[in-house]
Amino acid sequence: ARRPRRRTRTATVHDARLTGALCLLGGRASAEPGRVVSVIDGDTLSIALRASVVKVRLATVDTPEVGRNALCVAEARAGEAASAFVRSAAPVGSVVDVRKAPGRDPYGRYLGHVMLNDGRDLAAAIIGAGHGVPYAGRGPKAAERLGLCR
């Protein structure tokens, strides 16, 4: 199991920058254009927003884990397929719109909604392609819900 990172002074300064980058206006999350720096896995991207590069965890989708975080080989393969799908939908260098969702995940990543330049919601595209499941921050993990590690 992963352990959450400790918050540091650098993280606090980083938080202040991101708060500006992902501001809330009139109660609705405003879209902030960003550029995809990397795809970390099927539900996390590194995105350049203004002067900061931040990790954004897609708020409404859960995808299978990759590498050593996977519970079984089938999950690792499905996680790689989800990551490949995200890399094709949101390639490095592409411009996306990011809307901040409330809170953060246990690992300190910002939760958000990523809209692709063709207007599609990335999380909905992942679910529609069968690479992930709807997620609300708790409940069974994607591998269990997809029946991957029996």
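Residues numbered from 1 in each chain as written. Predicted model: local features only at pLDDT ≥ 70, side-chain atom pairs only at ≥ 80, totals over all residues. Heavy atoms only, no water.

**Re the overall build of the chain**
Reasoning step 1: In terms of helices and strands, the chain carries four helices and nine strands.
Reasoning step 2: Reading the chain from its N terminus to its C terminus gives the helix and strand order α-β-β-β-β-β-β-α-β-β-α-β-α.
Reasoning step 3: Taken across its 150 residues, the chain has 40% of its residues classed as buried.
Reasoning step 4: For the chain, the accessible area works out to roughly 8400 Å², and carbon and sulfur atoms hold 54% of it. (Helix = DSSP H or I, 4+ residues; strand = E, 2+ residues; numbered from the N terminus. Buried < 20%, exposed > 50% of the residue type's maximum accessible area, 1.4 Å probe, protein only. Areas by Shrake-Rupley, 256 points an atom, 1.4 Å probe, with all protein chains shown as cover.)

**Quick word on the pattern of salt bridges**
Reasoning step 1: For the structure on display, the rule yields seven salt bridges.
Reasoning step 2: One salt bridge in this structure joins Asp 62 and Arg 57, with 3.4 Å as the shortest N-O distance.
Reasoning step 3: For Asp 62, a relative accessible area of 1% translates into the label buried.
Reasoning step 4: Here Lys 141 and Glu 65 are joined by a salt bridge, their closest N and O atoms 3.7 Å apart. With Lys 141 in the loop between strand E9 (133–134) and helix H4 (142–145) and Glu 65 in the loop between strand E6 (61–62) and helix H2 (73–89), this residue pair connects regions lying 76 residues apart in the sequence.
Reasoning step 5: Residue Lys 141 is classed as partly exposed on the basis of its relative accessible area of 38%.
Reasoning step 6: Here the salt bridges share partners, and the residues they tie into one network are Asp 43, Arg 57, Asp 62, Glu 65 and Lys 141. (Salt bridge = Lys/Arg side-chain N within 4 Å of Asp/Glu carboxyl O.)

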